[in-house]
Amino acid sequence: MADAGALTGASNHGSTKALYAHDPDGIEFEVCWLVPDDAVAEELAPGTPPTRALDIDAEIARYGADTPMGTRTDAQLWEQVFGRDWAHQ
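Here goes a summary of the coordinates provided. (Residues numbered from 1 in each chain as written. Predicted model: local features only at pLDDT ≥ 70, side-chain atom pairs only at ≥ 80, totals over all residues. Heavy atoms only, no water.)

Time to look at the overall build of the protein. Each helix and strand in the protein was counted, giving three helices and four strands. What you see in the protein, going N to C, is helices and strands ordered as β-β-β-α-β-α-α. Counting only C-alpha atoms and orienting by the principal axes, one finds that the protein spans roughly 45 × 30 × 25 Å. For the protein, buried positions account for 24% of its 89 residues. Within the protein, residue pairs in contact and separated by at least 24 positions form 48% of the contacts whose partners lie at least 6 positions apart. Surface summary for the protein: the accessible area is close to 6,100 Å², and the carbon and sulfur share equals 55%. Where the 5 positive side-chain charges of the protein centre and where its 16 negative ones centre are 8 Å apart. (Helix = DSSP H or I, 4+ residues; strand = E, 2+ residues; numbered from the N terminus. Buried < 20%, exposed > 50% of the residue type's maximum accessible area, 1.4 Å probe, protein only. Contact = heavy atoms within 4.5 Å. Areas by Shrake-Rupley, 256 points an atom, 1.4 Å probe, with all protein chains shown as cover. Lys, Arg positive; Asp, Glu negative; His and termini not counted. Charge placed at Lys NZ, Arg CZ, Asp CG, Glu CD.)

So, on to the pairing of strand β1 (residues 7–12). If a strand is regular, its side chains alternate between the two faces of the sheet. Pairing analysis gives five bridges linking β1 to strand β2 (residues 16–22), with the strands arranged antiparallel. By the bridge assignment for β2, Gly-9 is matched with Tyr-20. Taking the residues between adjacent antiparallel strands as the criterion, β1 and β2 are bridged by three residues, where Gly-14 takes a positive phi near 80°. Pairing of β1 with strand β4 (residues 52–53) involves two bridges; the strand directions are antiparallel. Of the residues in β4, the one forming a bridge with Ser-11 is Ala-53. (Pairing = 2+ DSSP bridges.)

On to the side chain of Ser-11. Secondary-structure assignment places Ser-11 in strand β1. What Ser-11 contacts, discounting residues up to four positions off in sequence, is Thr-16, Lys-17, Ala-18, Tyr-20, Thr-51, Arg-52 and Leu-54.

Applying the stated criterion across every chain yields a total of five salt bridges. When the shortest N-O distance is used, the salt bridge between Arg-52 and Glu-43 registers 3.4 Å. As a salt-bridge pair, Glu-43 and Arg-62 come within 2.8 Å of each other at their nearest N and O atoms. Of this pair, Glu-43 sits in helix α1 (residues 37–43) while Arg-62 sits in helix α2 (residues 56–63); the two residues are 19 residues apart in sequence, bridging distant segments of the chain. Look at Glu-43 and you get buried, because its relative accessible area is 4%. Assessed through its relative accessible area of 39%, Arg-62 is described here as partly exposed. The network of salt bridges with shared partners includes Lys-17, Glu-42, Glu-43, Arg-52, Glu-59 and Arg-62. (Salt bridge = Lys/Arg side-chain N within 4 Å of Asp/Glu carboxyl O.)

This is the structure in structure tokens:
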């Protein structure tokens, strides 16, 4: 995306890592990677800004190419992280 001049931004949202770009027609889109459930609490530690610059090289070094991602599988994850029962709000 960067080589094509399409990359418009990159953000570390703690529980997700995101790249922002535009296609040849100018339509903006986001590519989002979900941090595995077992790493979310550390990523969202108290005092950590909710959005910060994405250091893609550091994230690749930390998670590598073999770390699976996908939908959240731990139903109690947000309760563990934030101390609330988000599933029943």
